[in-house]
Each structure stands twice: as structure tokens, then as C-alpha cells.
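Structural features, examined
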Amino acid sequence: MKKLLALLFMLALASCPVMADEQPVIQPSPGDVQLGTLHALNNVTAIAEGHTLALCGCGMEFEVTDASPKLEMNGTTFYCCSQACHDHASKASAEESATSMAEWQKVFSGKGTLTNAAMVDGKNMATCACGQTFEVTSKSPCVAENGMKMSACCDGCANHVIKTTPEERSAMMKKVMKTAAMTK
Ligand SMILES: [Zn+2]
Ligand SMILES: [Zn+2]
């Protein structure tokens, strides 16, 4: 009997390192804005009265100036609040940046108010750049840039918006934003 217990104990011990080796997977909770489909072209959260705010990888929202250090990460122009944050981000390993990007996306998704989606009869409805009105689901791709978040009806539309020039994209996104401040 003692031998069996010892064996079980050994088995339990042996299984521990396997658990520890697994990469922590950050799963969005059901209430979160879906993260996997966010295409952030920059980390700007808001532009108002000539001031540009961005969300740094450290979690701090700060005003972007010409002096703000920035870096390119997977197609995102990432403004940093300080040189220290910039250096930290540029030195991060692929895994480290994946983890911090997932955390950052979570916070970023909750920032800003400019979006093309609005609740209609209990459904989150949005107007896509293509003109189609659709219900935003956890699978809807979302393009974010300059404080605007635009959910697209399909990946094709999202990619189309991403690939246009910044000027065209800005016009396309502004056109579908539901917030009153952007309609002028
Ligand atoms: Zn920072
Ligand atoms: Zn569309």
C-alpha cells in the first residue's frame, strides 16, 4: 500500500512540470470585446482638439507629441509614453510581446468612444465601410486607427480598409462612425 501511495505521489510530482511548461493562454472573457480580430493600425485612443492620446504598452494613456518614441509591431504603429517603454518593448522576446500585446489589446478595446457600432433592440449593430448593416459578433473583425474603431462585416472588408491609403481609410471610417462628434 505504501508503495502504491509513493507511486501516486511520484506521478503527481511528475505531472507538475508539464503544467508549468504550458504557456499561459489569455482568453477573452465573454464580456470582453473580441481580441483576436482586432487590427490596430496604431495605438491612438482618441484625437480631440489637436491632442492625440495613445495607450502605451505599459498601460498608461499619454499625449502623443512629435518627440514620442514609436515602433512598428505587426503592422501597428506603437507610440510609447517614454524612451524606457520604447526600449523595453523593442527588447522584448516574441513571447513577451505576444503576452503584453494580448494584455494591451484588452485595455485598448475598452478605450475610446468612436465606433461604428451601437445597440439597436438589444443587438450590437454596425454599419460596415461597404454600407452593409450587420450584427457585431465575437468573430467580426475590427479595424482601429486614430481613436476610431470600425467593425467590419467580413474579413474582406476589413482587409480592404486596411490596405487603402491612410487618407481613404480615415474618410471611410469617419463616414460610418456613429458618434455625434464625428459627423461634422
Ligand atoms: Zn509606457
Ligand atoms: Zn462590409
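Residues numbered from 1 in each chain as written. Chains lettered and ligands numbered in written order. Predicted model: local features only at pLDDT ≥ 70, side-chain atom pairs only at ≥ 80, totals over all residues. Heavy atoms only, no water.

Digging into the overall build of the protein chain
Applied cut-off: In DSSP terms, a helix is any run of H or I states spanning at least four residues, a strand is any run of E spanning at least two, and both are numbered starting from the N terminus. The cut-offs for exposure are 20% and 50% of the maximum accessible area for each residue type, with area from a 1.4 Å probe on protein chains only; residues under the lower value are buried, those over the upper are exposed, and the others partly exposed. Where accessible areas are quoted, they stem from the Shrake-Rupley method and a 1.4 Å probe; at the residue level, only the protein chains shown are allowed to cover.
Along the backbone of the protein chain there are five helices and twelve strands. In the protein chain, buried positions account for 33% of the 184 residues. Only carbon and sulfur atoms are counted for the fraction: they give 59% of the accessible area of the protein chain, which is about 11,500 Å².

Let's talk about the coordination of the zinc ion (ligand 1)
How we decide: Coordinating donors are taken to be N, O and S atoms lying within 2.8 Å of the metal, or within 3.2 Å when the metal is Na, K or Ca; because water is excluded from the atom set, some sites may appear incomplete.
Within the first shell, the zinc ion (ligand 1) binds the protein through Cys 56 (SG), Cys 58 (SG), Cys 81 (SG) and Cys 85 (SG), at distances of 2.3 Å. For the zinc ion (ligand 1), all donor residues lie on one chain, and their spacing in sequence is C-x1-C-x22-C-x3-C. Residue Cys 56 is located in the loop between strand S3 (51-55) and strand S4 (61-63), and its partner Cys 81 is located in the loop between strand S6 (76-79) and helix H2 (83-91); the two are separated by 25 residues in the primary sequence. Owing to a relative accessible area of 2%, Cys 56 belongs among the buried residues under this scheme. According to the relative accessible area criterion, Cys 81 is partly exposed, its value standing at 25%.

Quick look at the coordination of the zinc ion (ligand 2)
For the record, the criterion: The geometry test gives tetrahedral to four donors whose angles all lie between 85 and 135 degrees, gives square planar to four donors and octahedral to six donors whose opposite members are over 155 degrees apart with all other angles between 65 and 115, and gives irregular to the rest.
Around the zinc ion (ligand 2), the donor atoms from the protein are Cys 128 (SG), Cys 130 (SG), Cys 153 (SG) and Cys 157 (SG), and they sit 2.3 Å away. Seen from the zinc ion (ligand 2), its four donor atoms lie at angles of 106 to 113 degrees, and the figure they make is tetrahedral. Read from N- to C-terminus, the donor residues coordinating the zinc ion (ligand 2) fall into the pattern C-x1-C-x22-C-x3-C. On the criterion of sequence distance, the pair formed by Cys 130 in the loop between strand S9 (123-127) and strand S10 (133-135) and Cys 153 in the loop between strand S12 (148-151) and helix H4 (155-163) is long-range, its members being 23 residues apart. For Cys 153, a relative accessible area of 24% corresponds to the partly exposed category.

With respect to the side chain of Glu 145
To keep it simple, the criterion reads: Here a residue-residue contact requires only that any non-hydrogen atoms of the pair lie within 4.5 Å.
The topology assignment puts Glu 145 in strand S11 (residues 142-145). Not counting the four nearest positions on each side in its chain, Glu 145 is found in contact with Leu 41, Asn 42, Arg 169 and Met 173.

Brief notes about the sheet that holds S3
Test applied: Each pair of strands is called paired provided DSSP finds at least two bridges between the two strands. A fitted line through C-alpha atoms serves as each axis, taken over the contacting stretch for helices, and the angle formed by two N-to-C directions is quoted from 0 to 180°.
If you trace the three strands from one edge of the open sheet to the other, you get S2-S3-S4, paired in antiparallel fashion. Each edge of the open sheet is held by one strand with a lone partner, namely strand S2 (44-48) and S4. Across the sheet, the mean angle from the axis of one strand to that of its neighbour is 20 degrees, orientation sign disregarded. Strand direction decides the pairing type here: S2 and S3, joined by four bridges, are antiparallel. Across the sheet, the residue bridging to Ala 46 is Leu 53, located in S3.

Re empty space enclosed by the protein
Just so we agree on the cut-off: The definitions used throughout rest on a 1 Å grid laid over the protein atoms alone, on which a cavity is an enclosed set of points accommodating a 1.4 Å probe that cannot get out and a pocket is an open set flanked by protein within 12 Å on both sides along at least five of seven lines; lining residues are those having an atom within 4 Å of a point. Grid points are joined across faces, edges and corners, and a volume is the space filled by probe spheres set on the points. Nonpolar residues are Ala, Val, Leu, Ile, Met, Phe, Trp, Tyr, Cys and Pro. Charged residues are Asp, Glu, Lys and Arg, and all others, Gly as well, are polar.
Taken as a whole and assessed by the stated rule, the structure comprises one cavity of 30 Å³ or more. As a volume, the largest cavity reaches approximately 40 Å³. Forming the walls of the largest cavity are Val 44, Thr 45, Phe 108, Lys 111, Gly 112, Thr 113, Leu 114, Gly 147 and Lys 149. Of the residues in the lining of the largest cavity, the class split is three nonpolar, four polar and two charged.

Points about the packing of aromatic side chains
Rule in force here: Centres within 6.5 Å are what make two rings of Phe, Tyr or Trp a pair, Trp counting through its six-membered ring; a difference in plane orientation under 30 degrees is then read as stacked, over 60 as edge-to-face, and the rest as tilted.
In the structure shown here, the tally under the stated rule is two aromatic pairs. On the basis of an interplanar angle of 50 degrees and a centroid distance of 4.9 Å, the ring pair of Phe 78 and Trp 104 is categorised as tilted. Remark: Trp 104 occurs in helix H3 (residues 94-109) and Phe 78 occurs in strand S6; sequence separation between them is 26 residues. Given a relative accessible area of 5%, Phe 78 falls into the buried group. A ring pair is formed by Trp 104 and Phe 108, whose centres lie 4.5 Å apart and whose planes are at 20 degrees; its orientation type is stacked. Taken together, the residues Trp 104 and Phe 108, both in helix H3 and four residues apart, mark about one turn of the helix. Comparing Trp 104 with Phe 108 shows no difference in burial state: the two are buried. Following the ring pairs from residue to residue traces out a cluster consisting of Phe 78, Trp 104 and Phe 108.

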